[in-house]
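# Results of the structural survey
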Amino acid sequence: AQSVTQPDIHITVSEGASLELRCNYSYGATPYLFWYVQSPGQGLQLLLKYFSGDTLVQGIKGFEAEFKRSQSSFNLRKPSVHWSDAAEYFCAVGALNQAGTALIFGKGTTLSVSS
Amino acid sequence: SAVISQKPSRDICQRGTSLTIQCQVDSQVTMMFWYRQQPGQSLTLIATANQGSEATYESGFVIDKFPISRPNLTFSTLTVSNLSPEDSSIYLCSVVGRIGETQYFGPGTRLLVL
């Protein structure tokens, strides 16, 4: 069965430091992969996505992610974290169900930014 | 990207009652989905809303508890019936323009059941 694992429940990073959030997936075919961010009291905002092609994808707010098929990973990175990046981050994989394309989400990683 | 609105944005309901949530998109979309996000948890797919036919429910979700309508390509409703405190969650609708493309989410409806 398809699944997404985000091993880190909570991460604290100093402002200006680099960030890497881990995501591993289990899927039988080439997956569609996404990272979403949810700020407190807000809906989900798409950060970036991978469908095919270049395995290093750039997103909004200075985020990037790299698809590594051999490791079944799609880790999210940012070279310098800002205090406004504090939020919940969800990795998701696109799976084909009987009616179309729905998403399977990881449990999320809470990012705290310290000054 | 599609602009998605949900009504109501939040509500407090008494147990045993029902709440209907509306999802409106500013353009025609292929797929519409309903998700639930329980407190401190990730998102779980409830069902796929099919235009003009019965919704397709995921394991653990049934039509009697979560009836869904989708009368056209821009609108859907989710009703949460016979509410209990365990139904307190955020309910989000999402849309896909074409199969395999990016899924966009509405702002969510925060439901508290007392």
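The coordinates are above.
Numbering of residues starts from 1 in each chain and follows the order in which that chain's sequence is written. The lettering of chains begins at A and the numbering of ligands begins at 1, in the order of writing. A pLDDT threshold of at least 70 governs which residues receive local features in this predicted model, and a stricter bar of 80 or more applies before side-chain atom pairs are shown or counted, although totals over entire chains, interfaces and linings include all residues. Remark: hydrogens and water are excluded; side-chain values derive from all non-hydrogen atoms of the structure.

## Concerning the overall build of chain B
- Strands here mean DSSP runs of E at least two residues long; helices mean DSSP runs of H or I at least four residues long; both are numbered from the N terminus. A count of helical and extended segments in chain B gives zero helices and 11 strands.
- Ordered by position from the N terminus, the helices and strands of chain B form the series β-β-β-β-β-β-β-β-β-β-β.
- Note that the radius of gyration is over C-alpha atoms, with the globule rule given as 2.2 Å times the number of residues to the power 0.38. For 114 residues, the compact-globule formula gives about 13 Å, and the C-alpha radius of gyration of chain B, at 13 Å, lands near that figure.
- Projecting the C-alpha coordinates of chain B onto the three principal axes gives extents of approximately 40 × 25 × 20 Å.
- Within the span of chain B, comprising 114 residues, buried residues form 53% of the whole.
- Only heavy atoms matter for contacts: two residues are in contact if any of them lie within 4.5 Å across the pair. For chain B, restricting intrachain contacts to residue pairs at least 6 apart in sequence, the fraction spanning at least 24 positions comes to 54%.
- To measure how exposed things are, a 1.4 Å probe is used in the Shrake-Rupley method; for residues, cover is taken only from the protein chains shown. Looking at chain B as shown, the accessible area adds up to about 5,200 Å², and 48% of this sits on carbon and sulfur atoms. For every residue, the accessible area (1.4 Å probe, protein chains only) is compared with the maximum for its type, and the residue is labelled buried under 20%, exposed over 50%, or partly exposed between those bounds.

## Some words on the interface of chain B and chain A
- Counting from both sides, the interface comprises 24 residues of chain B and, opposite them, 22 residues of chain A.
- Once two parts are joined, some of their accessible surface, as seen by a 1.4 Å probe, is lost; buried area is that loss totalled over both. Buried surface at the junction of chain B and chain A, both sides included, amounts to about 1,700 Å², of which 56% is carbon and sulfur.
- Each reported salt bridge corresponds to a side-chain nitrogen of Lys or Arg within 4 Å of a carboxyl oxygen of Asp or Glu. Counting across the interface, chain B meets chain A through zero salt bridges.
- Nitrogen and oxygen atoms within 3.5 Å of one another constitute a polar contact, given that in protein one can donate a hydrogen and the other can accept it, and given that sequence-neighbouring residues count only through two side-chain atoms. At the boundary of chain B with chain A, the tally comes to five residue pairs in polar contact (both at pLDDT 80 or more).
- Broken down by secondary-structure element, the contributors of at least two residues to the side of chain B that touches chain A are β4 (31-37), β5 (43-49), β9 (89-96) and β10 (103-105) of chain B.
- At four residues, β4(B) tops the list of elements feeding residues into the side of chain B that touches chain A.
- Only Asp, Glu, Lys and Arg are considered charged, only Ala, Val, Leu, Ile, Met, Phe, Trp, Tyr, Cys and Pro nonpolar, and every remaining residue, Gly among them, polar. For the side of chain B that touches chain A, the per-class residue count stands at 11 nonpolar, 10 polar and three charged.

## Describing the pairing of strand β3 (residues 19-25) of chain B
Residues and elements named next belong to chain B.
- Residues Leu-19, Ile-21, Cys-23 and Val-25 point to one face of β3 and are all buried, whereas Thr-20, Gln-22 and Gln-24, pointing to the other face, are not buried.
- Direction of pairing for strand β1 (residues 4-7) relative to β3: antiparallel, over a ladder of four bridges. Residue Ser-5 lies in a different strand from β3, and its bridge partner there is Gln-24.
- At least two bridges found by DSSP between two strands are what make those strands a pair. Here β3 pairs with strand β8 (residues 75-80) via six bridges, running antiparallel. Looking across to β8, one finds that Thr-20 is bridged to Thr-79.

## With respect to a nonpolar patch on the surface
- A contiguous nonpolar surface patch, about 280 Å² in accessible area, is contributed by B:Ile12, B:Leu112 and B:Leu114.
- Within the secondary structure, B:Leu114 sits in the segment after β11 (109-113). Residues enter patches when they are more than 30% accessible in relative terms and free of salt bridges; like-charged ones are connected within 9 Å and nonpolar ones (Val, Leu, Ile, Met, Phe, Trp, Tyr) within 5 Å.

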